Amino acid sequence: MAAPLILRGLPLLRLRFCYQRLQYHSSVLLSPKLFSAASESAQPFDAAESDGDQTTAVLSAKDPPKYPIWPDPDYRKWKDQETQILKDIEPVIFLAKEIIHSHRYMDGERLTAEDEKIVVDKLLAYHPHSEDKIGCGLDSIMVDRHPQFRRSRCLFVVRVDGGWIDFSYQKCLRQYIRDKYPSYAEKFIKEHFKRGS
């Protein structure tokens, strides 16, 4: 009882005393005897009794348990590839959504030359039926209401002859991913796109 009264006025000694108590308690709590006793009690009955004599396995820092880090050996490769694909397509997705959903373009308005170039090079070129969409030739790209689904807006190819036809930027992206990342495309599409077609 005398130690706490004496240490009250000396903060440095009090700190040292507390530190020593902490070391003592941690060494008692982390005693190897406690670990071996815990491991003995955790042994299954078959392993503890072999040929009549009791054997115990004590875990040591040298031999940590060997648990697989990932359940699938290719999981790390998949996550790295998924990150790469996202990094590759996110700017194009952002632009397409901004064109379609923002007030940047009015219904029936033609895209600027800069936006049109990105949409043609990064999207339309990869559409599974791009030749059919372009037809007799590409005049421009516009954004407008879908003829059947009037609440939704989409991108349209305006042909040289004056005709126009809608195209899905998601179909373009899916085909782009299938072409550039064939090993991981279907898994990525299934996880990141609403419709996998």
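Please refer to the structure higher up on the page.
Residues numbered from 1 in each chain as written. Predicted model: local features only at pLDDT ≥ 70, side-chain atom pairs only at ≥ 80, totals over all residues. Heavy atoms only, no water.

Some words on the nonpolar core
Generally speaking, a soluble globular protein has its nonpolar side chains buried in company with each other.
Inference 1: Counting 28 residues, the largest nonpolar core has Ile99, Val119, Leu123, Ile141, Leu155, Phe167 and Ile177 as the members making the most contacts within it.
Inference 2: Contributing elements (two or more residues each) for this core: helix H5 (75-101), strand E4 (138-145), strand E5 (153-159), helix H8 (169-180) and helix H9 (185-192).
Inference 3: With eight residues, the top contributor of residues to this core is H5.
Inference 4: Leave out the neighbours within four places in its chain, and Leu155 touches Ile99, Ile100, Leu111, Val119, Leu123, Ile141, Met142, Ile165, Asp166, Phe167 and Tyr169. (Core = buried A, V, L, I, M, F, W, Y, C linked by side-chain atoms within 4.5 Å. Buried < 20%, exposed > 50% of the residue type's maximum accessible area, 1.4 Å probe, protein only. Helix = DSSP H or I, 4+ residues; strand = E, 2+ residues; numbered from the N terminus. Contact = heavy atoms within 4.5 Å.)

Observations concerning H8
Inference 1: End to end, H8 covers 16 Å across 12 residues, agreeing with the expected 16 Å (1.5 Å per residue, within 8%).
Inference 2: Residues of H8 that are buried include every one of Tyr169, Cys172, Leu173, Arg174, Tyr176 and Ile177, and no others.
Inference 3: Its buried side turned inward, H8 meets H5, E5, strand E6 (164-167) and H9.
Inference 4: Its side-chain oxygen 3.3 Å from the backbone nitrogen of Gln170, Ser168 forms the N-cap of H8. (Expected span 1.5 Å × (residues − 1). Polar contact = N/O pair within 3.5 Å; in protein donor to acceptor, adjacent residues only side chain to side chain.)

Some words on the pairing of E5
Inference 1: By the criterion of burial, E5 is predominantly enclosed, with seven of the seven residues buried.
Inference 2: Two strands pair when backbone bridges link them, and E4 and E5 are joined in this way by seven bridges, in the antiparallel orientation. Bridge pairing in E5 places Leu138 opposite Arg159.
Inference 3: Taken together, the four bridges between E5 and E6 define a ladder with antiparallel strand orientation. Pairing of Leu155 across the sheet is with Phe167, part of E6. (Pairing = 2+ DSSP bridges.)

Things to note about the packing of aromatic side chains
Inference 1: Within the structure shown, the criterion is met by four aromatic pairs.
Inference 2: Look at Phe156 and Trp164: their rings are 4.9 Å apart centre to centre, the planes differ by 75 degrees, and that puts the pair in the edge-to-face class.
Inference 3: Exposure remark for Trp164: the relative accessible area of 44% places this residue in the partly exposed category.
Inference 4: The interplanar angle of 65 degrees and the centroid separation of 6.5 Å between the aromatic rings of Phe188 and Phe193 together place this pair among those described as edge-to-face. Phe193 carries the same exposure label as Phe188, and that label is buried. (Phe/Tyr/Trp six-rings, centres within 6.5 Å; stacked < 30°, edge-to-face > 60°.)

Remarks on H5
Inference 1: Taken as a whole, H5 carries its principal kink of about 40 degrees at Ile89; the proline Pro91 stands between one and four residues after it.
Inference 2: On its buried face, H5 is in contact with helix H6 (113-122), E4, E5, H8 and H9. (Bend = angle between axes of the 7 residues up to and from the residue.)

Keep in mind these numbers describe shape, not what the thing actually does.
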